[in-house]
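# Examination of the molecular architecture
Chain by chain, the residues:
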Amino acid sequence: MKKIYLLPILLLLLAATAQAQVTFSDDFESYTAGQTIGVTSSTWATWSGNVASEDAPVTTEQAHGGTKSAKFYTTSANGGPTDVILPFGGAYDLGKFELSTWMYVKTGRGGYFNFQSETTPGTKWALDIYFDKNGKINANSDGNTTPVIVNADYPVGAWFNLKFNIDLTANKWVVLVNDVVIGSFSNAANKIAAIDFYGYGPSGSLGQYYLDDLTFTYTPYTAKPNDAVMYGIDSRKMGLTGDQLPLKATLRNVGQNAITSFDATVENGASSNTYSFSGQNIAPLATATVDFPQPYTLVDGNQNVKVTFSNINGGVDDDPSNNDGTTVLRGYTPAPGKSVVVEEATGTWCQWCVRGIVFIKQLREYYPNHFIGIGVHNADPMTLTDYDADVRTVAGFTGFPQVLVQREAWTDPSAMELPFLEAVTVPAPATIINGASYDAATGLLTLSVTANFTQTVVGDYRLNAVILEDDVTGTDASWNQNNAYAGGAAGPMGGFESLPSPVPAAQMVYNDVARGILGGFLGLENSVPTNITAGSTATANFTFQLGPDNDFTKLSIAGILTDNDGLIANASLATIDKAIANGFVLTAVKDVLVDNSVTIAPNPASGTAYINLSLAKTAETGVRVFNTLGQQVAARQYGMLAGEQMLPFVVSNLQDGVYTVQVTAGGQTISRKLVVRN
């Protein structure tokens, strides 16, 4: 890392002694246009240490004050080449740090930078800040794991002032845009040593932004005899109305004496409770977790919860200004019968995809009656080829890992709780019931998905069924899970920080794995009438052939209703046992395809098989073929047909084995077994 020196041409005033204030400023006016700041300056550096290809140029393309600014850009969707470090003169976890800069994000582009916790870049990330092309700021703390700012606004294509006011002693981080607070939070990685400006644009855009008039000031902290600091309120910030959230707070002793006793008061505007804690031994600069005996019960909407420490060692705190903290909790009331589907783009090869594993599991535990997670795997043994390809065609997909909430918008797995909670409050046009019957002799599941409409809807609504499996394991190396969190440098991640990379297959268990999407990605055509009134029902039938690797007890059915725009309007999750208990419902559309007329010949087949069927009326007709794992391996649409039909279906490209052939016409599906022997 570069050492920091006094540099008059940068207007630098820098002192790094233990008790001295550290200040820095740069308006980029003293550079010659075209010079790069890492190579030219003795303060700025590049990530790899003055590598010219990583450096950022000074330009006259934009300026806030004067005529020049520093330009950060990318030529690749993956980020880079610009990657420039501004060291702060040390690694600080006490005192106050303030940074201000003017920033300009080019229209149609994005931006990104991060705070580093240690003087060696890449050791630990304290905060990641993303500026997307739509004028939204998102920030994650502690190694890209915890969202602390979600969809805050900034002006696109205009200069704006960005400030960070950070009280490291009390772990209070405040972020402002044009002097308006957009985020206030405590940070699990409450330590800063440098800022890294990287050329990157989130949300599918290239990065291009400019900085001007950048300043920072670090003011050390002076210890007093008795000084307890409210270091953070540790609670889930959101949940469903009525959820009881465990409430914790962290006390930090920044005084000269050990803390042996204290009081803690919890207020929420409606009530106030004080708890006494004695028999403590909190050493100077140590922290202690304070567990409150009563959980906090969420009500609908925002609620402010304040925690205050007092009566330190039976007396007065020498600095009461830092003894309290407030967090905002929010309760969401779910709409009746509403469940939300989150489709996760993941793969064992993807080192960051463990983030999806952790957060899908977390929301599944928090919201068992409303959350449906679906793992859509890519390029690994659990891949459903068509599902994987189709889900990645939804607008906004930029890479792995990402999750798709109700097919409305992609987001990082760490940030999906808020869009899930917002979606669960939206009333659904129908409730969904999953039914099933099971033939143990053949392993064939016959499913029904029924929508009971509470609203009148018009248009192309469709029903669908996704088969999910838990406790999925494998043995060879393709089942190993790559793990970017190994070693802990990227922060905690549900225990993966203590596991190697890759995590051996023997230690991995995969849940919520998509095993079949039975109506295709868009759902079964004509499964819902184009005009259906409130009080009416619609049912679609599907079949799924269990293979030797499918465990009946580990399977579940996600019944899904999509709307005119292909978005998910509602869904329901049921185990196979629960669906059987609900009972199988035969679709009302049963007069199109005559069941006993559907045959396949020759069977076994090689080269080409012929599917014989009888259609009672004209209907859109298609065929799909599934292997014993429930994976779709072939499909063909034949268009509008009627009467007696003999449909050729090429099987020469299929491996020898047993397959399930699904014939669908007019919303009705009938399945037959086919043996292929090429």
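Calculation rules
- Residues numbered from 1 in each chain as written.
- Predicted model: local features only at pLDDT ≥ 70, side-chain atom pairs only at ≥ 80, totals over all residues.
- Heavy atoms only, no water.
- Phe/Tyr/Trp six-rings, centres within 6.5 Å; stacked < 30°, edge-to-face > 60°.
- Buried < 20%, exposed > 50% of the residue type's maximum accessible area, 1.4 Å probe, protein only.
- Lys NZ or Arg CZ within 6 Å of the ring centre and 35° of its normal.
- Pairing = 2+ DSSP bridges.
- Helix = DSSP H or I, 4+ residues; strand = E, 2+ residues; numbered from the N terminus.
- Axes fitted to C-alpha atoms, helices over the stretch in contact; angles between N-to-C directions.
- Core = buried A, V, L, I, M, F, W, Y, C linked by side-chain atoms within 4.5 Å.
- Contact = heavy atoms within 4.5 Å.
- Disulfide = S-S within 2.5 Å.
- pLDDT = per-residue confidence, 0-100.
- Expected span 1.5 Å × (residues − 1).
- Polar contact = N/O pair within 3.5 Å; in protein donor to acceptor, adjacent residues only side chain to side chain.

## A closer look at the packing of aromatic side chains
Scanning all chains against the criterion turns up 41 aromatic pairs. Ring centres of Phe113 and Phe115 lie 6.5 Å apart, and the angle between their planes is 80°; this geometry places the pair in the edge-to-face category. Exposure remark for Phe113: the relative accessible area of 1% places this residue in the buried category. Residue classification places Phe115 among the buried positions, given a relative accessible area of 0%. Here Phe397 and Phe400 contribute two aromatic rings whose centre-to-centre distance is 5.4 Å and whose plane-to-plane angle is 85°, an arrangement assigned as edge-to-face. We classify Phe400 as partly exposed; its relative accessible area is 21%. For Lys71, the ring lying beneath its charged end belongs to Tyr73, and the centroid distance is 5.5 Å. Of note, Arg236 hangs over the ring of Tyr366, and the distance from its end group to the ring centre comes to 3.7 Å.

## Looking at the sheet that holds strand S16 (residues 228-234)
In spatial order, the strands read S16-S19-S22; together these 3 strands make up an open sheet with antiparallel pairing. Here the strands that pair on one side only, and so sit at the sheet edges, are S16 and strand S22 (287-291). Neighbouring strand axes in the sheet, compared pairwise and without regard to direction, differ in orientation by 25° on average.

## A closer look at the nonpolar core
Core analysis: the largest hydrophobic core is formed by 48 residues, its most contacted members being Ile37, Trp44, Phe97, Phe113, Phe115, Phe131 and Phe164. Counting residues per element, this core draws most heavily on strand S15 (residues 208-219), at 5 residues. Apart from the residues within four sequence positions on either side, Phe113 is in contact with Met103, Leu127, Asp128, Ile129, Phe131, Leu162, Phe164, Ile195, Asp196, Phe197, Tyr198 and Tyr209. Grouped together as the second largest cluster of nonpolar side chains are 33 residues, Val354, Phe420, Ala490 and Val513 included.

## Considering the sheet that holds strand S20 (residues 262-267)
With respect to topology, 5 strands assemble into an open sheet ordered S17-S25-S24-S20-S21, the strand pairing being mixed. Every interior strand has two partners, whereas the edge strands, strand S17 (238-240) and strand S21 (272-277), have only one. For this sheet, the mean angle separating the axes of adjacent strands, direction not counted, is 25°. In terms of strand pairing, S20 meets S21 through 6 bridges, oriented antiparallel. The residue bridging Val266 from the neighbouring strand is Asn273, located in S21. Relative to the sheet, helix H4 (residues 417-424) contacts S17 and strand S25 (324-332), its axis offset from that of S17 by approximately 30°.

## A closer look at the state of the cysteines
Applying the stated criterion to the full structure yields 1 disulfide. Each sulfur of the disulfide joining Cys350 and Cys353 lies 2.3 Å from the other. What sets the handedness of the Cys350 and Cys353 disulfide is the S-S torsion sign, and at about 85° it is right-handed. The pair Cys350 / Cys353 is uniform in exposure class, with both members buried.

## Notes on the confidence of the model for the protein
Residues with a pLDDT of 70 or more make up 95% of the protein, whose mean pLDDT is 90. In the model, residues 1-18 has pLDDT below 50 throughout and makes 51 contacts with residues more than four positions away in sequence or in other chains.

## A word on helix H2 (residues 354-366)
Here H2 spans 18 Å end to end across 13 residues, near enough to the 18 Å set by a 1.5 Å rise per residue. Of all the positions in H2, only Val354, Arg355, Gly356, Val358, Phe359, Ile360 and Leu363 are classed as buried. Turning to H2, the residues buried within the fold contact strand S26 (340-346), strand S27 (371-377) and H4.

## Brief notes about unusual backbone geometry
The amide bond that connects Ser501 to the next residue, Pro502, takes the cis arrangement and shows omega of -5°. Positionally, Pro502 belongs in the loop between strand S33 (462-469) and strand S34 (513-517). The omega angle of the peptide bond from Ala601 to Pro602 is -10°, so this bond is cis rather than trans. As for its position among the elements, Pro602 is in the loop between strand S39 (599-601) and strand S40 (608-626). The phi dihedral of Asn50 is positive, around 60°, even though this residue is not glycine. Within the secondary structure, Asn50 sits in the loop between strand S2 (45-46) and strand S3 (58-59). Located in the positive-phi region is Asn171, a residue other than glycine, with phi close to 55°. Examined against the element boundaries, Asn171 turns out to sit in the loop between strand S11 (159-167) and strand S12 (172-177).

## Thoughts on the environment of Pro121
Structurally, Pro121 can be placed in the loop between strand S7 (111-116) and strand S8 (125-131). Residue classification places Pro121 among the partly exposed positions, given a relative accessible area of 23%. Residues Pro121 and Ala223, spaced 102 residues apart in sequence, show a C-alpha to C-alpha distance of 29 Å. Filtering out sequence-adjacent residues up to four positions away, Pro121 remains in contact with Trp47, Ile85 and Gln116.

## Section: the side chain of Lys71
Here Lys71 shows up in strand S4 (residues 69-73). Only 3.2 Å separates the side chain of Lys71 from the side chain of Glu61, close enough to count as a polar contact. When residues no more than four places from it in sequence are discounted, the contact partners of Lys71 are Ala56, Pro57, Thr59, Glu61, Thr82, Gln208, Tyr209 and Tyr210.

## Focus: H4
Among the 8 residues of H4, 6 are classified as buried, and the element is accordingly described as predominantly covered. Among the residues of H4, those classed as buried are Glu417, Leu418, Phe420, Leu421, Ala423 and Val424.

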